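Coordinates in review
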Amino acid sequence: MPGKSEASFTANAAPAVSRGRLLQVLGMWFGMAAAIGNAIAAGIVRTPGEIAKSLPNAWLFIGVWIAGGLYALFGASSMAELGAAIPRSGGQYNFSRRALGDYAGFIVGWSDWLSTCGTAAVAIVIAEYSGHLFPILAGHVRLISAALILGFGILQWRGIRWGSGAQLLTAVLKTAALITLVVACFILGAHARAAAPAATAPLPSVPAGWPLAVAIVLGLQAVVYTVDGWDGVIYFGEEVRHPGRDIPRAIFGSVFTVMGLYLLLNLVALYVLPMNEIAGNNFVLGTVADRVFGRFGDPIIRSIMIISMLSCVNSNLLFSSRTLHAMSCDGLFFRRVASVNAGGTPALSLLLSTVVSLFFVLGSFERVIAMLSFFFVTNYMLTYTSLFVLRLREPQMHRAYRAWGYPWTTGTALGASVLFLIASIATDRDNAPLALAMLVLSYPVFRVLKWVSNRRITPA
């Protein structure tokens, strides 16, 4: 609605229902820890080999990582403005709903919630790696992964201070371990490469013309998927003590930290391994560690990745519980789910998020995740569109931070998102039509949930 004021939005955001008592106790460092915990996980193990297979050239290989980092940086500027101006917990859902309406918010919120719950299934990889390190744990993958998710759910149930403490601890351990790995590989890598036997696998040829353009787009898409999560602080907007100051700082700090670590890890891979050992390798960091540390390499890299993914499981439960809580407050899900316990945890939302995460662990939901990945870039596209809409419709909105380079940086991020979305549709003929079908079917679900929610608060 044109001219809709910030006050009226806030008043309408939670009609006739208390939003509970989320505690305003978080700061910049937690925001960075949440982002680092979510963004740096299993993707860095697999993605380098996939990109190198399509772009078997060191300059092109590093170039797509740098370009992906610039996309995140341009998007960070826009996300920081929105997060500081609309400091509500719940993530990108809040921006799309305010700028584009309830249905757009519903699409972003539900797809974000489900995909975030699905991401918690990296607990399966933790269990598999644990079985390699400790043979007594082998063969109990589902049990261990379910126990991990339940354990973090119980921890967070006690309150945000427990969940945030676990996030800070695991993020610090992860960052320290990765930096130590990078330094050790640069110190010992030259000798390891010189002593390695000559690689015999043929190097794939570098594509040219249109195939090269397609390979670059797909490489960028893989990078963007891998670094996703740098905006983690926006899931906790109303729990940050000084949102106008700390949300932009956390977002930019997260982008630089995540991309800095990813670039260093890929440079280490190029330093230690020839390109034909990287291309198509599904465990590049493991190969690097084997080459540098010998028989200790495998347990070292698996231990680091376990720490990384523990942080990811915790952060995704934190994210998903906030998204569902915000939607419940706004009447897009059952309003009872908006309740918050004394520790500042949206308890029913956390319970549902934990249960759905367990379904992803115990079932076979790869197809669902593949379909939800279609919405991944769509959510970013709607978020950057929201900034344009709000700048035009609500010019008087208080903006503690304004996106630098606007409208060019926002437009670049939006254009790249559209390009990635087109690439997703063009390259995934199996899942994209199903995702579009989910989008069509979502509208009646949206109407029913909204009707049920509003009916429950209608005065007698």
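These numbers were taken from a predicted model, which means no experiment stands behind them. (Residues numbered from 1 in each chain as written. Predicted model: local features only at pLDDT ≥ 70, side-chain atom pairs only at ≥ 80, totals over all residues. Heavy atoms only, no water.)

Some remarks on the overall build of the protein
Helix and strand counts for the protein stand at 18 helices and zero strands. Within the protein, residue pairs in contact and separated by at least 24 positions form 83% of the contacts whose partners lie at least 6 positions apart. Within the structure as shown, the protein displays about 18,900 Å² of accessible surface, and the carbon and sulfur contribution to it stands at 69%. (Helix = DSSP H or I, 4+ residues; strand = E, 2+ residues; numbered from the N terminus. Contact = heavy atoms within 4.5 Å. Areas by Shrake-Rupley, 256 points an atom, 1.4 Å probe, with all protein chains shown as cover.)

A few points about empty space enclosed by the protein
Leftover empty space is mapped by rolling, across the atoms, a probe with the size of a water molecule. Inspection of the entire model under this criterion finds one cavity of 30 Å³ or more. Of the volumes computed, that of the largest cavity is approximately 30 Å³. The wall of the largest cavity is formed by Tyr71, Ala72, Val224, Val227, Asp228, Trp230, Phe376 and Tyr380. Counting residues per element, the ones that place at least two in the lining of the largest cavity are α4 (58-85), α10 (210-227) and α16 (366-393). A per-class count over the lining of the largest cavity returns seven nonpolar, no polar and one charged. (1 Å grid on protein atoms, 1.4 Å probe; cavity = no way out; pocket = protein on both sides within 12 Å on 5 of 7 lines; lining within 4 Å. Points joined across faces, edges and corners; volume = space filled by probe spheres on them. Nonpolar A, V, L, I, M, F, W, Y, C, P; charged D, E, K, R; others polar.)

Some words on unusual backbone geometry
Here Tyr406 and Pro407 are connected by a cis peptide whose omega angle stands at 5°. Structurally, Pro407 can be placed in the loop between α16 and α17 (408-427).

Here we look at the nonpolar core
Note that soluble globular proteins tend to have their nonpolar side chains buried in a common cluster. By size, the foremost hydrophobic cluster in this structure holds 132 residues, and its most contacted members are Trp65, Trp230, Ile251, Val288 and Met309. Ignoring sequence-local partners within four residues, the contact set of Trp65 consists of Ile44, Thr47, Pro48, Ile51, Val223, Thr226, Val227, Met259, Tyr262, Leu263 and Asn266. (Core = buried A, V, L, I, M, F, W, Y, C linked by side-chain atoms within 4.5 Å. Buried < 20%, exposed > 50% of the residue type's maximum accessible area, 1.4 Å probe, protein only.)

As for the pattern of salt bridges
Pairing between side chains of opposite charge can happen when their charged atoms approach one another. Counted according to the given criterion, the structure contains 13 salt bridges. For the salt bridge of Arg88 with Asp330, the shortest nitrogen-to-oxygen distance reads 3.0 Å. Residue Arg88 is located in the loop between α4 and α5 (93-100), and its partner Asp330 is located in the loop between α14 (297-329) and α15 (347-362); the two are separated by 242 residues in the primary sequence. Residue class for Arg88 comes out buried when judged on its relative accessible area of 10%. Between Asp298 and Arg302 there is a salt bridge, and its shortest N-O distance comes to 2.8 Å. Separated by four residues within a single helix, Asp298 and Arg302 lie in helix α14, roughly one turn from each other. The class of Asp298 is partly exposed, set by a relative accessible area of 25%. Assessed through its relative accessible area of 10%, Arg302 is described here as buried. Overlapping salt bridges bring together Arg88, Arg97, Asp102, Asp330 and Lys450 as one network. (Salt bridge = Lys/Arg side-chain N within 4 Å of Asp/Glu carboxyl O.)

Details of a nonpolar patch on the surface
On the surface, a nonpolar cluster with roughly 440 Å² of combined accessible area is contributed by Trp157, Leu348, Leu351, Val355 and Phe359. Per-element tally for the nonpolar patch: the top contributor is α15, with four residues. With respect to the helices and strands, Leu348 occurs in helix α15. Residue classification places Leu348 among the partly exposed positions, given a relative accessible area of 31%. (Patch = residues over 30% accessible without salt bridge, like charges linked within 9 Å, V, L, I, M, F, W, Y side chains within 5 Å.)

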